[in-house]
Amino acid sequence: MRKLDSLVAGGEEPFGVGQGLADRRLIAEILGAEDPDAEPQAGVCIAGRVTALRDHGNSMFFDLRDVSGRLQAYLQKKVVGPERFELLKNGLDLGDFLAVSGGLGRTRKGEPTVFASAAQLLTKSLAGMPKEHFGLADVETRYRQRYVDLAANPESFERFQIRSQALAEMRRFLEQRAFMEVETPVLHPIAGGAAAKPFITHHNTLDIDLYLRIAPELYLKRLLVGGFERVFEIGRNFRNEGLSPRHNPEFTMLEAYWAYARGYDWLPLVETLLSDLVREHGAFGRGDAELRETQLPWGDAGVVVDFAPPFARRSYAELLREHADADAFDEASLHAAARREQIDVEGRTIAQVTDDLFGACVEEHLVQPTFVTDFPLTMSPLSKAAPEDARVAERFELFAAGMELANGFSELNDPAEQLARFEAQVSSRDPELPSEVDHDYVNALRYGMPPAAGIGIGVDRLVMLLTATPTIRDVILFPLLRPTGRS
């Protein structure tokens, strides 16, 4: 604050509008296009946050960082004048935003540097910034004050750039295959589309309770009824469940629906999409380990996950038999295995017991990308049964690093069968299942929905893998946290 007062007293505007920045260029663009060794030096204008300061008496060096990178600047008393030099020298702090104009060259040590002929304070930082060399290590502060984390930790900044690039690539991938991006409601009159406890809110004008969406599935499939053949949505879903390194109550999903396709038609597309994403955006930590372009490091134990197609394919029943010694289609066998694993079976559906058993016994073994296929139909209320075995759904899930990344299946389009399954869900009184039948969706199916294949891909977990990040909170800009002061 004393420095702020001195700057204002010296005629500096600490929160100005940034005059004369029309010629400003990104640092990466300048370094890529200009030659610091050329004569005469190229005149450039850069602006960014001060991340390092080095005082040399009658001159000073400072590093500026913008969204594209870092560049050193050099300010001399004899160039800008004694009064202005002393004002900036005594008034600047780490974290301030500064604009610099001057010639691009090199120092005697060979460092590309802007030799400043003018410097303008753009914004005065009034909070102490961590030094970039040390970064911000406190995890709690990094999550609660993400703005400081991004400013102080280049690795965190890069992680979220990769997330954005991956999302853009997913959109391009689908649009190149004639999928149309759409938007569907986040407020739902009936909680459905997946098994999870919903968040409930109230609309005052209509005087009705609404649910934050668990999944957009049922609305997207209504669009297939209306005639669109390939649609997708990337958006936030909300599930009122616990927190863990792999779960956040709000998360981002890609869901896509493909008319006239079957569920397993998605498998080669998913292999192509994910292997492309890993090649283009999965360099986090790969160089240190000398891994191939389809490989990603994972965890602290030297695990390497390889996304080179084709991915392994294993049936649900085969995996459950191998790792849990249970028959996926025999209730007594499933209950016995669950009790061995101390999984509660009383008052719970066989689908819940089976899912918990698979999570406890199987998922940790699915380190390399693996399509788990042929789910029990009892666990798939929106999926078609396989023609060759009515006990099995035409459904798959993709696992890697012990995490589920994707879920897809052939969509049930028989309105009578869908109604019966909805009614069975409601009668179970399971708090994670819909409490009422979505009659409008059943009515939509009565108008006719073409055979279709749907898929959901968890964006957050995918970014965890791309950036070698074991905790989901590190790939969500503002994760949900318990308010401070509460136990």
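Section: the overall build of the protein
No. 1: When helices and strands are counted, the protein shows 16 helices and 20 strands.
No. 2: Taken over the C-alpha atoms alone, the protein extends approximately 85 × 55 × 50 Å along its principal axes.
No. 3: Residues counted as buried form 49% of the 487 residues belonging to the protein.
No. 4: On the protein, roughly 23,500 Å² of surface is accessible, and the fraction owed to carbon and sulfur atoms is 50%.
No. 5: Side-chain charges of the protein comprise 53 positive and 74 negative groups, with the mean position of each set lying 5 Å from the other.

Let's talk about the sheet that holds strand E4 (residues 97-106)
No. 1: Around the barrel, 5 strands lie side by side as E1-E2-E3-E5-E4; this closed barrel has mixed pairing. On average, each strand axis in the sheet is tilted by 55 degrees relative to the strand beside it, whichever way the strands run.
No. 2: Pairing geometry for strand E3 (residues 69-76) and strand E5 (residues 112-123), over 3 bridges, is parallel. Looking across to E5, one finds that Gln72 is bridged to Thr113.

Regarding the packing of aromatic side chains
No. 1: Evaluation of the coordinates by the stated rule reveals 13 aromatic pairs.
No. 2: Ring geometry for Trp258 and Trp266: centres 5.3 Å apart, planes at 75 degrees, overall edge-to-face.
No. 3: For Trp258, a relative accessible area of 14% corresponds to the buried category.
No. 4: For the pair Phe371 and Phe396, a centre-to-centre distance of 5.7 Å together with 85 degrees between the ring planes defines the contact as edge-to-face. Here Phe371, found in strand E15 (residues 370-373), pairs with Phe396, found in strand E18 (residues 395-400); they are 25 residues apart in sequence, far enough to count as distant.
No. 5: Judged by its relative accessible area of 0%, Phe371 is buried.
No. 6: Here the aromatic residues Tyr264, Phe307, Phe311, Phe371 and Phe396 are joined through ring pairs into a cluster of three or more.
No. 7: One cation-aromatic arrangement involves Arg222 over Tyr219; the distance from NZ or CZ to the ring centre is 4.7 Å.

Side note on the pairing of E18
No. 1: Counted residue by residue, E18 has 6 buried out of 6 residues, so it is predominantly covered.
No. 2: Here E18 shows two buried faces, one formed by Arg395, Glu397 and Phe399 and the other by Phe396, Leu398 and Ala400.
No. 3: Bridge count between E15 and E18: 4 bridges; the pairing is antiparallel. Within the sheet, the bridge partner assigned to Phe371 lies in E18 and is Leu398.

A few points about helix H15 (residues 439-446)
Every α-helical turn comprises 3.6 residues, leaving residues that sit three or four positions apart pointing alike.
No. 1: Residues of H15 that are buried: Tyr441, Val442, Ala444 and Leu445. The arc that holds every buried residue of H15, seen down its axis, measures 155 degrees, which confines them to one face. Turned more than 90 degrees off the buried face of H15, the exposed positions are His439 and Arg446.

Quick word on the sheet that holds strand E9 (residues 208-212)
No. 1: Ordered by their spatial adjacency, 3 strands build an open sheet running E7-E9-E8, and the pairing between neighbours is antiparallel. Strand pairing shows two members of the sheet lacking a second neighbour, strand E7 (187-188) and strand E8 (200-203), which therefore form its edges.
No. 2: With 2 bridges joining them, E7 and E9 adopt antiparallel strand pairing. Counted as the bridge partner of Leu187 is Leu212 from E9.

Topic: the pattern of salt bridges
No. 1: Inspection of every chain in the model, using the stated rule, returns 38 salt bridges.
No. 2: Residue Asp37 pairs with Arg106 through a salt bridge whose shortest N-O separation is 2.8 Å. Placement of the pair is Asp37 in the loop between helix H2 (27-33) and strand E1 (42-55) and Arg106 in strand E4, with a sequence separation of 69 residues.
No. 3: Close ionic contact of Arg142 with Asp149 constitutes a salt bridge, the shortest N to O distance being 3.1 Å.
No. 4: Residue Asp149 is classed as buried on the basis of its relative accessible area of 0%.

Parameters at a glance
- Residues numbered from 1 in each chain as written.
- Predicted model: local features only at pLDDT ≥ 70, side-chain atom pairs only at ≥ 80, totals over all residues.
- Heavy atoms only, no water.
- Helix = DSSP H or I, 4+ residues; strand = E, 2+ residues; numbered from the N terminus.
- Buried < 20%, exposed > 50% of the residue type's maximum accessible area, 1.4 Å probe, protein only.
- Areas by Shrake-Rupley, 256 points an atom, 1.4 Å probe, with all protein chains shown as cover.
- Lys, Arg positive; Asp, Glu negative; His and termini not counted.
- Charge placed at Lys NZ, Arg CZ, Asp CG, Glu CD.
- Pairing = 2+ DSSP bridges.
- Axes fitted to C-alpha atoms, helices over the stretch in contact; angles between N-to-C directions.
- Phe/Tyr/Trp six-rings, centres within 6.5 Å; stacked < 30°, edge-to-face > 60°.
- Lys NZ or Arg CZ within 6 Å of the ring centre and 35° of its normal.
- Arc of directions from axis to C-beta.
- Salt bridge = Lys/Arg side-chain N within 4 Å of Asp/Glu carboxyl O.

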